[in-house]
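Residue-level listing of the chains:
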Amino acid sequence: MIQVEVQHRLGSFDLTAKFASDGRVTALFGRSGSGKTSLVNIIGGLIRPNHAHISLEGKVIVDTDQRLFVPKHRRRVGYVFQEGRLFPHLTVRQNLLYGWWFTTATKRRDQPAQIVELLGIGHLLDRRPRSLSGGEKQRVAIGRALLATPRLLLMDEPLASLDDARKAEILPYLERLYDETKVPIIYVSHSVPEVARLASTMVVMADGRVVATGPTADIMARLDLIPFTNLVETGAVLDAKILKHDEQFGLTVLSLCGGRLWVPRLSGRIPGTKVRVHIRARDVMLSTRPPEGLSALNVLPAVVAELGQPHGPIVDLRLDCSGQTILARLTQRSVESLGLSEGAPVYAVIKTVGFDRETLGATSRQANGADTAAIPIEGSVTTSSGHGWTSCPELA
Amino acid sequence: MFTLTPEEQAAVELSLRVSLWATVTSLPAGLFVAMLLSRGKFWGKSVLNGIVFLPLVLPPVVTGYVLLLLFGRRGPLGALLANNFGIVFAFRWTGAALACAVMGFPLLVRAMQLSIDSVDRGLEDAAGTLGANPVWVFLTVTLPLILPGIIAGMILSFARAMGEFGATITFVSNIPGETQTLPSAIYTFTQVPGGDIAAFRLTVIAIAVSMFALLISEAIGYVVGRRMGVER
């Protein structure tokens, strides 16, 4: 459990944030300049705030009223920086053991060998940081932070400086991080797909203020928060369960909304496994009648629950789909011509191939290999970081 | 032609000894001042900056005379040190070392200061979040990262000391075997008839020592640079 209450002035920027989270992975979400990085810098002890009360698992680390400010080297709050910040004069091994060395032997938790294996960096140990790729650097930086035995791990856009291939390489490690180490994580990001895939709790920030806090699926389904989130990547996050695999056509069937969702084959996972699905609003079409002669495999009956505020020619709709929420993005023209209003029954059409093909390569490789850990499938066709699928941790 | 007379040999040895002492003893103070000027925010910073870099712009003779006034037997600091600690600078080789240290100090500080300025503070923050207290951060991160600057500063200071003439001769005179350094000896030989050969020999040595110092600094810079590579 982390409780944060901060009031800090940086030049003309005013940061007033308050949130609490007992989530495993809490996303600090917002656009650039919304104060996310300042907030984690305060939690990590890099900035001394004007007014703050911060506690971690009941232990107060900052209380300006009591003039209490635990310095960063005694906080045991790990920090993975956007640009890695590995020590250039040390080898990877020395970098990893840096924090380990400063940790009292009795307080050490993870063994270096375990962390090295978890992050797949065994072959890099004798190299120097300058010879590593961006993704390798970030994995080493994560390992280095974990080996200092933190009570909380802060990650400030750890993927922002990486290209898509590197992001795809590192995301699976991030997904396993909490389950393997049980260190709560605060993950700063402005990427909807990353947050949808990793975070259990979301804290949405805008202009130095907290706009909303809650479970990721709830926050993602709120139309009123769309202006604060990413307009392009907006979409609902749902929990689904694998029903069966269709070997003939290379597809997987998920149970969702009391119906079925066909997606490209999710290899390496047995039926019954829970997966998280990110369905982008712009990938959803609506029909007022049951569609016929349609190529799309997924047609889910739903009810329009809410019409959002139009922005430009676009309107977002929240659909109630047997208790679960799907977002759909239509033109205002379509909304009017279909006569859609709240309570109207509709059919949501979702193309199967809308779920990304790119990572299917990764899954088939995994199916052949010995690695049984969950390798996720992307949930969008874009070449952006669009990962929408993730395995359920406990079964990974 | 290339055998040195005892007098010449004494001058070379003295110069090396004076330069080494000047460089090594001024290093801790130089590092402290460089840190202060690079990182410190305090009242009077520009005054400190001025005092440190003054020997670079003053005529060396003036610096030597100021040292004589301050550290001479009757000078306020000279008397204090002589009476309480038995340290005497006037007309001793230690005085030559002091003069060289003062003259080389701006070069030493400047090189280290530039190097400290270029250290990524983010790396120090990272070390802090990993549990290193400020002293450890300095020893394990800052110091290794500024090592090239420290070495460059020391080489510059050493080379300056090897060539120092004006302040030394003004402060501690030109006593063979005690304060007659290489430049003083060369000067003396050029003033006496038939001293040309000796002056020439010492000149060759001076060039060789300076060249050697430069090569060493290049080599160290190369090794350190290769170890760390160019991050970022």
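Residues numbered from 1 in each chain as written. Chains lettered and ligands numbered in written order. Predicted model: local features only at pLDDT ≥ 70, side-chain atom pairs only at ≥ 80, totals over all residues.

Novice: I tried to follow the overall build of chain A on my own but got confused; where do I start?
Specialist: Of regular secondary structure, chain A possesses 10 helices and 21 strands. Burial status across chain A gives 48% buried among its 396 residues. The contacts of chain A with a sequence gap of at least 6 include a subset with a gap of at least 24, amounting to 66%. (Helix = DSSP H or I, 4+ residues; strand = E, 2+ residues; numbered from the N terminus. Buried ≥ 20, exposed ≤ 12 C-beta atoms within 10 Å, placed from the backbone. Contact = placed C-beta atoms within 7 Å.)

Novice: Is there a simple way to think about the overall build of chain B in this case?
Specialist: For chain B, the helix and strand inventory stands at 10 helices and zero strands. Starting at the N terminus, the α and β elements of chain B follow one another as α-α-α-α-α-α-α-α-α-α. Taken along its principal axes, the extent of the C-alpha atoms in chain B is 70 × 45 × 30 Å. The contacts of chain B with a sequence gap of at least 6 include a subset with a gap of at least 24, amounting to 75%.

Novice: How do you make sense of the interface of chain B and chain A when you look at a structure like this?
Specialist: Often the size quoted for an interface is simply the accessible area lost on bringing the parts together. Contacts between chain B and chain A engage 18 residues on the former and 21 residues on the latter. Only α6 (121-129), α7 (134-163) and α10 (196-228) of chain B provide two or more residues apiece to the side of chain B that touches chain A. Each residue belonging to the side of chain B that touches chain A can be placed in one class, and the counts come to nine nonpolar, six polar and three charged. (Nonpolar A, V, L, I, M, F, W, Y, C, P; charged D, E, K, R; others polar.)

Novice: Where do I start with the sheet that holds strand β16 (residues 284-287) of chain A in this structure?
Specialist: Each strand in a sheet pairs with another by means of backbone hydrogen bonds, the pair being arranged parallel or else antiparallel. Residue and element names in this part refer to chain A. Judged by pairing direction, the sheet is antiparallel, and its five strands sit side by side in the order β16-β20-β17-β18-β19 without closing on themselves. Only two strands of the sheet have a single partner each, and these edge strands are β16 and β19 (324-331). For this sheet the average axis-to-axis angle between neighbouring strands, irrespective of direction, equals 45 degrees. The pairing of β16 with strand β20 (residues 345-350) spans four bridges and is classified as antiparallel. (Pairing = 2+ DSSP bridges. Axes fitted to C-alpha atoms, helices over the stretch in contact; angles between N-to-C directions.)

Novice: I'm lost on the pairing of strand β10 (residues 201-206) of chain A in this one. Help?
Specialist: On a regular strand, each side chain points to the face opposite its neighbour's, so the side chains alternate between the two faces of the sheet. All names here are of chain A. When you tally the buried positions in β10, you get five out of six residues, the bulk of the element. Direction of pairing for strand β3 (residues 25-29) relative to β10: parallel, over a ladder of four bridges. Bridge pairing links A27 to M202 in β10. Inspection of the sheet shows β10 paired to strand β11 (residues 209-215) by six bridges, in the antiparallel sense. Residue pairing in the sheet places M202 in a bridge with G214 of β11. Between the end of β10 and the start of β11, which pair antiparallel, lie two residues, with D207 showing a positive phi angle near 50 degrees.

Novice: Sorry if this is basic, but what is going on with the nonpolar core here?
Specialist: The nonpolar side chains of a soluble globular protein tend to be buried with one another. L28, L154, Y187, I326, A328 and A348 of chain A together with A99 of chain B are the most contacted members of the largest nonpolar core, which has 156 residues in total. With 16 residues, helix α5 (residues 93-117) of chain B is the single largest residue contributor to this core. Residue assignment places this core across two domains, with domain 1 (2-220) and domain 2 (235-395) of chain A each supplying three or more. Aside from chain neighbours lying at most four places away, what touches L28 of chain A is K36, L39, V40, I186, Y187, V188, V203 and M205 of chain A. (Core = buried A, V, L, I, M, F, W, Y, C linked by C-beta atoms within 7 Å. Domains from an automatic or database assignment.)

Novice: Honestly, the confidence of the model for chain B in this entry has me stumped. Any pointers?
Specialist: Detailed reading of the predicted model is not advised wherever pLDDT is low. Residues and elements named next belong to chain B. Chain-level pLDDT for chain B is 89 on average; 97% of the residues reach the 70-or-more range. At the level of individual helices and strands, chain B shows its lowest average pLDDT in α10, which scores 84, and its highest in α6, which scores 94. For this predicted complex, the interface score ipTM comes out at 0.82, alongside a pTM of 0.79. (pLDDT = per-residue confidence, 0-100.)

Novice: Which parts of the structure should I look at to understand the environment of M112 of chain B?
Specialist: Residue and element names in this part refer to chain B. Here M112 is to be found in helix α5. C-alpha separation for the pair M112 and T170, spaced 58 residues apart in sequence, amounts to 29 Å. What M112 contacts, discounting residues up to four positions off in sequence, is G30, L31, A34, I146, G149, I150 and G153.

Novice: Hey, could you run me through α5 of chain B in this one?
Specialist: Since there are 3.6 residues in each turn of an α-helix, residues three or four apart along the chain are aligned in direction. Residue and element names in this part refer to chain B. For α5, which comprises 25 residues, the first-to-last C-alpha distance of 35 Å matches the rise-based estimate of 36 Å (1.5 Å per residue) to within 8%. Of all bends in α5, the biggest is about 45 degrees, found at G104, and the proline P106 comes one to four residues later. With 23 of 25 residues buried, α5 is to be regarded as a mostly interior element. (Expected span 1.5 Å × (residues − 1). Bend = angle between axes of the 7 residues up to and from the residue.)

Novice: Got a minute to help me understand the pairing of strand β14 (residues 259-264) of chain A in this structure?
Specialist: All names here are of chain A. As defined by bridge partners, strand β13 (residues 251-256) adjoins β14 across six bridges and the pair is classed as antiparallel. Bridge pairing in β14 places T252 opposite V263. With antiparallel pairing between neighbouring strands as the criterion, β13 and β14 make up a hairpin whose turn holds two residues, including C257 at a positive phi of roughly 55 degrees.

Novice: Which parts of the structure should I look at to understand unusual backbone geometry?
Specialist: Both trends apply: most residues other than glycine have a negative phi, and most peptide bonds are in trans. The phi angle at S322 of chain A is positive, at roughly 50 degrees, despite the residue not being glycine. Relative to the assigned elements, S322 of chain A resides in the loop between β18 (314-321) and β19. Phi is positive for S173 of chain B, close to 65 degrees, though the residue is something other than glycine. In this fold, S173 of chain B is placed in the loop between α8 (166-172) and α9 (182-191). A count of 17 C-beta atoms within 10 Å places S173 of chain B in the partly exposed class.

Novice: Help me out: how do you make sense of the packing of helix α4 (residues 112-119) of chain A against helix α5 (residues 134-146) of chain A in this one?
Specialist: Two packed helices can be described by the angle between their axes and the distance between those axes. Residue and element names in this part refer to chain A. Axis separation between α4 and α5 bottoms out at 10 Å; the angle between their running directions is 150 degrees. When the axes of α4 and α5 are compared, the pair comes out roughly antiparallel. Handedness of the crossing formed by α4 with α5: right-handed. Contacts between α4 and α5 involve I115, V116 and L119 on the former and, on the latter, R139, I142, G143 and L146. Tallied by class, residues from the contact of α4 with α5 come to five nonpolar, one polar and one charged. (Parallel < 35°, antiparallel > 145°, perpendicular 65-115°, else oblique. Left-handed = near helix turned anticlockwise from the far one by under 90°.)

Novice: Just to check I follow, could you spell out the packing of helix α3 (residues 92-101) of chain A against α5 of chain A for this structure?
Specialist: Residue and element names in this part refer to chain A. Closest axis-to-axis distance for the α3/α5 pair is 6 Å, and the angle between their directions is 30 degrees. The angle between α3 and α5 falls in the class roughly parallel. Here V92, N95, L96, Y98 and G99 of α3 lie close against α5, whose contacting residues are V140, G143, R144 and A145. Class assignment of the residues belonging to the contact of α3 with α5 gives a composition of five nonpolar, three polar and one charged.

Novice: Mind showing me how you'd approach the confidence of the model for chain A here?
Specialist: Scored by pLDDT, chain A comes out at a mean of 81, with 89% of its residues at no less than 70. For residues 357-396 of chain A, every residue scores under 50 in pLDDT, and the model assigns this stretch 101 contacts once sequence neighbours within four places are set aside.

Novice: Just checking my understanding: could you explain the environment of F249 of chain A for this structure?
Specialist: Take F249 of chain A: it is sitting in the loop between β12 (235-246) and β13. In this structure the C-alpha to C-alpha distance between F249 of chain A and L46 of chain A, which are 203 residues apart in sequence, comes to 53 Å.

Novice: How should the environment of V24 of chain B be read in this particular structure?
Specialist: All names here are of chain B. For V24, the position within the fold is in helix α1 (residues 6-39). Take V24: there are 14 C-beta atoms within 10 Å of it, and that puts it in the partly exposed class. The sequence separation of V24 and L54 amounts to 30 residues, and the corresponding C-alpha distance is 21 Å.

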